[in-house]
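Letter by letter, the chains look like this.
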Amino acid sequence: MKRLILLCTLLLTLLLAGCLPNLEPGPSLGEVKIHFIDVGQGDAVLIQSPSGQNVLYDGGRNNTDALSYLQNLGVLKLDLVIASHPDADHIGGLDAVIDFYAPALYMDNGVVATTQTYQNLLEAVQNAGSQLVEPTGQTITLGDAALQIIPPPTDESLNRNNRSIGLTLSFGAFDVALTGDAEEEEFEYWQTEQSELLKEVEIYKASHHGSSNGDTLESVTTFSPEVVVIGVSATNPFGHPTDEALNLYEGVGATIYRTDLDGDVVVSGLFNGQYRIETEP
Amino acid sequence: MIEVWLRGPLPDTPTLVQPVAHALMQAREEVHQYVKDIDGADLWTRPAGAASVGFHLQHLTGVLDRLFTYARNESLSKSQFKTFEAEGKADDTITLDDLLTAFDKTVDGALETLQNVDVNALTNKREVGRAKLPTTLLGLYTHAAEHTMRHVGQLLVTAKVLHDSADVVDEETTSSSFTIDHFDDNDLAVLESSAESLIVPRAFLPSGAKEGGVLRLEKKQSETETNLHFKLDVSATEAVLESASALRANLKRAPSGDIEL
């Protein structure tokens, strides 16, 4: 018994000193990490909670970029995959990720696409045995952190961008918002029907890659981010990010990071709201 | 490869006109790159009614030649008018190599002219066309660069559509269909075929085309030209939609409500 108490004391001391070896590389004690993965023209965002849960929001177009990133990072388990909406530059890499990690849960916006990419994704979900979660405005607890799902409108006349799943991640005073490719109509819907789920954040993923029809003055004012990260490739033919979008972000005083210029952008947030940003071009 | 304008100054060309020279050199590189896989039979093919690769190459060469003629304060010759009238008319006696050689030669001539330009004359007046519309020497050079790059961009899209669709159209296989993944900025449509992407101007698509629509690429051959057209395939769209909906409906469901991971 005395030996057991001694062992427990030693383990507790090591734990408090942060000396225990990490079996799975992830956030340091008391940190949430958000990885804006450079997947070219597209979005892929990995969220790692302090208590070890991993959530992937979108997976880029290519079926190797996101998976390779997760593998290189040493991620051993993926708990939830969220497909914001079924455009190929958001879901193209998810089937490979799901094939490899077989996450327990999979969430999409319920808009059925007709592309082979979407078919591949659903088949991967089926084969992995992942459970489908509908976005209903639920809270997803990740230890001391929490995801708040901002559900998309159900109006079928809206385009796919305007039915993106949005979410906020909260860890104490540190907040992040991801809004897929939402455009004006969806932001208006959120403002009128889901306003209690919207909040000011430290970190914000630019909607629709900094398109001219993505973020609006109202959306950037609502989220009022200190930092905006844009998932974009240098050679995209769409003109992303546009001057209009960059002006919006600069207009609220946000610092802008771009995956075409900065590569992977990794944000580490603390419970007190402080954060640091590392880039890996 | 790094773009020409970032590779450093051109020692033999006056600094003021180097941007024009850089653009023409860039255009020459890109044109060769884009058309290298074009089959001779597709030289005059017009995807969705858009201009053919043959037209773009003739037009690039012809306009550059004409603008530099005006720059020399000269009027167009009968031969130049004849060339102008022939642009875009399908002619099986003309090869891709012929068109590239003519473009290269015209660009070489333009670059040589720029090397010898009197920079003090750049603001001198010039006149364009029979209407003698006013411009300057610098105005002509700048337009030559801008016009060239604009058509190189259009040539790129046409060449890519021809390249990506060549096999599927010729083989008449089931993969000759494309699905509209989504519409995006710059009036572009992102299409998908066998999980590969193809980006085309939205104007190439039939009216009424919507995200998720399945398209079939049809080839129409006449005596003088070949046209490629996208056609909406409503029944294929409905069939794929039904199949995907069934697949999603059969997925295992998580209980509703808040979740603790």
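Here, the structure is the one placed above.
Notes on the structure in this doc start here. Fair warning: this is a prediction, and the values are worked out from it, not measured in the lab. (Residues numbered from 1 in each chain as written. Chains lettered and ligands numbered in written order. Predicted model: local features only at pLDDT ≥ 70, side-chain atom pairs only at ≥ 80, totals over all residues. Heavy atoms only, no water.)

With that settled, the discussion passes to the overall build of chain A. A tally of regular secondary structure across chain A gives nine helices and 15 strands. With 281 residues in all, chain A has 58% of them scored as buried. Within chain A, contacts between residues at least 6 apart in sequence are counted, and of these 66% link residues at least 24 apart. About 10900 Å² of surface is accessible on chain A, with carbon and sulfur atoms providing 51% of the total. (Helix = DSSP H or I, 4+ residues; strand = E, 2+ residues; numbered from the N terminus. Buried < 20%, exposed > 50% of the residue type's maximum accessible area, 1.4 Å probe, protein only. Contact = heavy atoms within 4.5 Å. Areas by Shrake-Rupley, 256 points an atom, 1.4 Å probe, with all protein chains shown as cover.)

This part takes up the overall build of chain B. Helix and strand counts for chain B stand at six helices and nine strands. Taken against the 2.2 N^0.38 rule, which gives 18 Å for 261 residues, the C-alpha radius of gyration of chain B at 24 Å runs more than 25% over that of a compact globule. Overall, the C-alpha framework of chain B stretches about 80 × 55 × 35 Å when taken along its three principal axes. Looking at chain B alone, contacts between residues at least 24 apart form 62% of all its contacts between residues at least 6 apart. As presented, chain B carries roughly 14000 Å² of accessible surface, and 52% of it is formed by carbon and sulfur atoms. In chain B, the 25 positive side-chain charges and the 41 negative ones have mean positions that sit 6 Å from each other. (Rg over C-alpha atoms; globule rule 2.2 N^0.38 Å. Lys, Arg positive; Asp, Glu negative; His and termini not counted. Charge placed at Lys NZ, Arg CZ, Asp CG, Glu CD.)

At the junction of the two partners, chain A supplies 47 residues and chain B supplies 33 residues. For the pair chain A and chain B, the two sides together bury roughly 3400 Å², of which 55% comes from carbon and sulfur. It is Thr114, Leu132 and Phe238 of chain A that lose the most area in chain A upon contact with chain B, and together they represent 22% of the buried surface on that side. A salt bridge links Glu134 of chain A to Arg248 of chain B; the shortest N-O distance between them is 3.0 Å. Applying the counting rule to chain A against chain B returns 25 residue pairs in polar contact (both at pLDDT 80 or more). (Buried area = accessible area lost by both parts, 1.4 Å probe. Salt bridge = Lys/Arg side-chain N within 4 Å of Asp/Glu carboxyl O. Polar contact = N/O pair within 3.5 Å; in protein donor to acceptor, adjacent residues only side chain to side chain.)

With that settled, consider helix 4 (residues 96-115) of chain B. All names here are of chain B. Taking 1.5 Å of rise per residue, 20 residues should cover 28 Å, and helix 4 covers 29 Å from first to last C-alpha, within 8% of that figure. Three or more residues of helix 4 are buried, namely Leu96, Leu99, Leu100, Phe103, Asp104, Thr106, Val107, Ala110, Leu111 and Leu114. Buried residues of helix 4, seen end-on, are gathered within an arc of 165° and therefore sit on one face of the element. Turned more than 90 degrees away from the buried face of helix 4, the exposed residues are Asp97, Thr101 and Lys105. (Expected span 1.5 Å × (residues − 1). Arc of directions from axis to C-beta.)

To continue, consider the environment of Gly30 of chain A. Residue and element names in this part refer to chain A. Locating Gly30 in the fold gives a position in the loop between helix 1 (2-16) and strand 1 (31-36). Given the relative accessible area of 34%, Gly30 is considered partly exposed. Sequence-distant contacts of Gly30, that is, excluding residues within four places in its chain, are made with Pro50, Phe171, Gly269, Leu270 and Phe271.

With that out of the way, let us pick up the packing of aromatic side chains. Residues and elements named next belong to chain B. Tallied over the full model, the rule gives seven aromatic pairs over all chains. Seen in terms of ring centroids, Phe68 and Tyr141 are 5.1 Å apart; in terms of plane orientation they differ by 35°. Their pairing is tilted. Of the two residues, Phe68 is situated in helix 2 (residues 53-71) and Tyr141 in helix 5 (residues 137-171); the sequence distance between them amounts to 73 residues. The exposure classification of Phe68 matches that of Tyr141, with both residues buried. Taking the centre distance of 5.5 Å and the plane angle of 85° together, the rings of Phe178 and Phe230 count as edge-to-face. Here the residue Phe178 occupies a position in strand 4 (residues 177-184), and Phe230 occupies one in strand 8 (residues 226-232), the gap between them amounting to 52 residues. The pair Phe178 / Phe230 is uniform in exposure class, with both members buried. Over the aromatic face of Phe183 sits the side chain of Arg202, whose NZ or CZ is 3.6 Å from the ring centroid. (Phe/Tyr/Trp six-rings, centres within 6.5 Å; stacked < 30°, edge-to-face > 60°. Lys NZ or Arg CZ within 6 Å of the ring centre and 35° of its normal.)

This part covers the sheet that holds strand 14 (residues 264-270) of chain A. All names here are of chain A. One open sheet accounts for eight strands, arranged 6-5-4-3-2-1-14-15; its pairing is mixed. The outermost strands of the open sheet, each flanked by one partner alone, are strand 6 (131-133) and strand 15 (275-280). Pairs of neighbouring strands in the sheet enclose a mean axial angle of 20°, with direction left out of account. Pairing geometry for strand 4 (residues 80-82) and strand 5 (residues 105-107), over three bridges, is parallel. Bridging from a neighbouring strand, Ile82 pairs with Met107 of strand 5. Of the strands in this sheet, strand 1, strand 2 (45-48), strand 3 (54-57) and strand 14 are in contact with helix 2 (residues 65-73), which crosses strand 2 at around 30°. Along the sheet face, helix 4 (residues 94-101) touches strand 3, strand 4 and strand 5 and points at about 170° away from the line of strand 4. (Pairing = 2+ DSSP bridges. Axes fitted to C-alpha atoms, helices over the stretch in contact; angles between N-to-C directions.)

A few words now on a negative patch on the surface. There is a patch of like negative charges on the surface, built from Glu184, Glu185, Glu188 and Glu218 of chain A. One can find Glu218 of chain A in helix 7 (residues 217-223). (Patch = residues over 30% accessible without salt bridge, like charges linked within 9 Å, V, L, I, M, F, W, Y side chains within 5 Å.)

Residue and element names in this part refer to chain A. Taken as a whole and judged by the stated rule, the model has four cavities of 30 Å³ or more. Approximately 50 Å³ is the volume attributed to the second largest cavity. Contributing to the lining of the second largest cavity are Phe36, Ile37, Gly42, Asp43, Ala44, Val45, Lys205, Val229, Ile230, Gly231 and Thr259. Of the residues assigned to the lining of the second largest cavity, the class counts are six nonpolar, three polar and two charged. (1 Å grid on protein atoms, 1.4 Å probe; cavity = no way out; pocket = protein on both sides within 12 Å on 5 of 7 lines; lining within 4 Å. Points joined across faces, edges and corners; volume = space filled by probe spheres on them. Nonpolar A, V, L, I, M, F, W, Y, C, P; charged D, E, K, R; others polar.)

Turning our eyes to something else, we now look at the side chain of Gln26 of chain B. Summarising the element assignment, Gln26 of chain B is placed in helix 1 (residues 18-35). For Gln26 of chain B, the contacting residues outside a window of four places in its chain are Glu3, Val4 and Met149 of chain B.

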